[in-house]
Amino acid sequence: MSPKNKGKIAVIGAGGWGTAMGGLMAAKGHEVVMLGHDAKEVTVMNRRRRNDKFLEGYDFPDSLRATMDPEETFAEATMVFSAIPTKYVRGTWSGLCELVPARIPIISLTKGIELATLERPSQIISSVCQRRGVAVLSGPSHAEEVARGLATTVVIAARSLPLARRLRDELSTPNFRVYANDDLFGVEFGGAMKNIIAIAAGILDGLGLGDNTKAALLTRGLVETATLGCALGAKKKTFYGMAGVGDLITTAFSPFGRNRAVGERIGRGETLDEILRTSVKIAEGVGTTKSIRKLAHSVGIEMPITDQVYAVLFRRKDPRRAITQLMTRERRHE
């Protein structure tokens, strides 16, 4: 199908996930324009028809291109993806809101929580742009596999279930199955929280502690996620779906998981400063650990795994000591 037969899609952010989603929509017949922030990178992407910095080996479909021009990005767009790291969402959208008509849905692909305000990405966009109708796409979906056309299942969430269902139908392809959900908070919170548990899982991998330990970590990590999430208004069943356990499994085991990779390097003895200095891709879980810990303390919810990850990341606690303290906590019923 010719791209002219379908609407134009704007992607804010030219990282791996933005590129993969842009490519998916371009292959479905849309014209897709990605808004980048680095003129040199945008030029290289358009010339080589690839984004090797963030999604190596993926060739752009003909109807996908990058630009530095916001007006070109949004002109005649019928849908917008926001694929920006959490710490840049507020600043980026502060300069873009007026270019997006109120009727155009904005779909957040970002998984994190802003430290200063404890707001989720969809909340930031909604408050900055003074609009409703911001949706969230989440679930087990590594960009590398989506770009290869491997079967992937995710969830789209919005406060309005009819909107979620409409976006579900517009985004779905034979290899990209989308479920609809109206638990916007739960879906977005699950996507943020799983990155903390993935860092912990990577630490276990770096220490060589085996499958038994990781299985226990993921199980208790899911309980921790649901405990805080439900206390804040999420639906418990959300965490046992794609945006909860599904995303957690993928991130905790896959070699593509950047949060797991950070944890593995820590488990092998590197410091967080060394890892961040040498990493091109942003691991959202590092900043999210601070945010979730602050959020949990504000409502009096105990988060033992999050607390230990925080201590390892920011207080240079020995990972083995952190694991010992988790294993020797007061015995209780499951």
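Keep in mind it's a predicted model, so treat the numbers as computed, not measured.

## Thoughts on the overall build of the protein
Then, in step 1: Secondary structure assignment for the protein yields 15 helices and ten strands.
Then, in step 2: Taken over the C-alpha trace, the protein has a radius of gyration of 19 Å; the compact-globule value for 334 residues is 20 Å, and the two agree within 12%.
Then, in step 3: Along the first, second and third principal axes, the C-alpha set of the protein runs to 60 × 40 × 35 Å.
Then, in step 4: Across the 334 residues of the protein, 54% fall into the buried class.
Then, in step 5: For the protein, the exposed surface amounts to about 15400 Å²; the carbon and sulfur share of it is 50%.
Then, in step 6: One finds the centroid of the 47 positive side-chain charges in the protein at a distance of 3 Å from the centroid of its 35 negative side-chain charges.

## Side note on the sheet that holds strand β7 (residues 106-108)
Then, in step 1: Overall, mixed pairing links the eight strands, which are arranged β5-β2-β1-β6-β7-β8-β9-β10 in an open sheet. Edge positions in the sheet fall to β5 (64-67) and β10 (176-181), since each has one partner strand and no second. The mean inter-strand angle of the sheet, taken between neighbouring strand axes irrespective of direction, is 25 degrees.
Then, in step 2: Pairing between strand β9 (residues 152-157) and β10: six bridges, direction parallel. Across the sheet, Ala157 pairs through a bridge with Asn181, a residue of β10.

## What about the state of the cysteines?
Then, in step 1: Following the criterion strictly, the structure yields one disulfide and no others.
Then, in step 2: The disulfide partner of Cys97 is Cys129, and the S-S distance across this bridge is 2.0 Å. Judged by the sign of its S-S torsion, about -70 degrees, the bond between Cys97 and Cys129 is left-handed. Here Cys97, found in the loop between α4 (86-94) and β7, pairs with Cys129, found in helix α5 (residues 121-129); they are 32 residues apart in sequence, far enough to count as distant. The pair Cys97 / Cys129 is uniform in exposure class, with both members buried.

## Some details on the pairing of strand β8 (residues 134-138)
Then, in step 1: Within β8, five of the five residues are buried, which leaves the element mostly enclosed by the surrounding structure.
Then, in step 2: In β8, alternate side chains face the same way, and those of Val134, Val136 and Ser138 on one face and Ala135 and Leu137 on the other are all buried.
Then, in step 3: Relative to β8, β7 runs parallel, the two being bridged by three bridges. Residue pairing across strands places Ile106 opposite Val134, the latter belonging to β8.

## Regarding the nonpolar core
Then, in step 1: Counting residues in hydrophobic clusters, the biggest one holds 40 residues, and the most contacted among them are Phe189 and Ile292.
Then, in step 2: Mapped onto this core, the elements with two or more residues apiece are α8 (184-207), α9 (210-231), α10 (242-253), α11 (258-267), α12 (272-278), α13 (284-299), α14 (304-314) and α15 (319-327).
Then, in step 3: Looking at this core, the element that brings in the most residues is α8, giving twelve residues.
Then, in step 4: In this structure, Val32, Tyr58, Phe81 and Ala158 belong to the second largest nonpolar core, which totals 36 residues.

## Quick notes on the pairing of strand β4 (residues 55-59)
Then, in step 1: Here strand β3 (residues 50-51) runs beside β4; their pairing, made up of two bridges, is antiparallel. Considered in β4, the bridge of Arg50 is made with Asp59.
Then, in step 2: Where β3 folds back onto β4 in an antiparallel hairpin, the turn is made up of three residues.

## What to know about the environment of Ala147
Then, in step 1: Along the polypeptide, Ala147 turns up in helix α6 (residues 143-147).
Then, in step 2: Sequence separation between Ala147 and Leu55 is 92 residues; the distance between their C-alpha atoms is 8.4 Å.
Then, in step 3: In this structure Ala147 touches Ala20, Leu55 and Tyr58, once residues within four positions along its chain are discounted.

## Remarks on the packing of α13 against α14
To describe two helices that pack against each other, one gives the angle between their axes and the distance between the axes.
Then, in step 1: Where α13 contacts α14, the two axes come as close as 10 Å, and the packing angle between them is 135 degrees. As far as their axial angle goes, α14 and α13 are oblique. With respect to the hand of their crossing, α13 and α14 are arranged in left-handed fashion. Listed contacts from α14 to Val286, Thr289, Lys290, Ile292, Arg293 and His297 of α13 are Thr306, Asp307, Val309, Tyr310, Leu313 and Phe314.
Then, in step 2: Broken down by class, the residue content of the contact of α13 with α14 amounts to six nonpolar, three polar and three charged.

## Quick notes on α14
Then, in step 1: Across the eleven residues that make up α14, a large majority, nine, are buried.
Then, in step 2: Phi for Arg316, located one or two positions after α14, is positive at around 55 degrees.

## Description of the side chain of Lys214
Then, in step 1: The topology assignment puts Lys214 in helix α9.
Then, in step 2: Not counting chain neighbours up to four residues away, the residues in contact with Lys214 comprise Ala201, Leu204, Asp205, Ala252 and Phe253.

## A closer look at the packing of aromatic side chains
Remark: the centre distance and the inter-plane angle together describe each pair of aromatic rings, the angle taken between the planes.
Then, in step 1: Enumeration over the complete set of coordinates arrives at five aromatic pairs.
Then, in step 2: Relative to Phe239, the ring of Phe189 lies with its centre 6.2 Å away and its plane at 75 degrees, an arrangement referred to as edge-to-face. In this pair, Phe189 is assigned in helix α8 and Phe239 in the loop between α9 and α10, connecting sequence segments 50 residues apart.
Then, in step 3: Relative to Phe314, the ring of Tyr310 lies with its centre 5.2 Å away and its plane at 50 degrees, an arrangement referred to as tilted. Here the residue Tyr310 and the residue Phe314 both occupy positions in helix α14, the gap between them amounting to four residues, near one helical turn.
Then, in step 4: According to the relative accessible area criterion, Phe314 is partly exposed, its value standing at 26%.
Then, in step 5: Counting every residue linked through ring pairs, the aromatic cluster contains Phe185, Phe189 and Phe239.
Then, in step 6: It is Lys214 that lies over the ring of Phe253; its NZ or CZ is 4.3 Å from the centre.
Then, in step 7: The ring of Phe314 has Lys290 lying over it, and the distance from NZ or CZ to the ring centre is 4.6 Å.

Conventions used here
Residues numbered from 1 in each chain as written. Predicted model: local features only at pLDDT ≥ 70, side-chain atom pairs only at ≥ 80, totals over all residues. Heavy atoms only, no water. Helix = DSSP H or I, 4+ residues; strand = E, 2+ residues; numbered from the N terminus. Rg over C-alpha atoms; globule rule 2.2 N^0.38 Å. Buried < 20%, exposed > 50% of the residue type's maximum accessible area, 1.4 Å probe, protein only. Areas by Shrake-Rupley, 256 points an atom, 1.4 Å probe, with all protein chains shown as cover. Lys, Arg positive; Asp, Glu negative; His and termini not counted. Charge placed at Lys NZ, Arg CZ, Asp CG, Glu CD. Pairing = 2+ DSSP bridges. Axes fitted to C-alpha atoms, helices over the stretch in contact; angles between N-to-C directions. Disulfide = S-S within 2.5 Å. Core = buried A, V, L, I, M, F, W, Y, C linked by side-chain atoms within 4.5 Å. Contact = heavy atoms within 4.5 Å. Parallel < 35°, antiparallel > 145°, perpendicular 65-115°, else oblique. Left-handed = near helix turned anticlockwise from the far one by under 90°. Nonpolar A, V, L, I, M, F, W, Y, C, P; charged D, E, K, R; others polar. Phe/Tyr/Trp six-rings, centres within 6.5 Å; stacked < 30°, edge-to-face > 60°. Lys NZ or Arg CZ within 6 Å of the ring centre and 35° of its normal.

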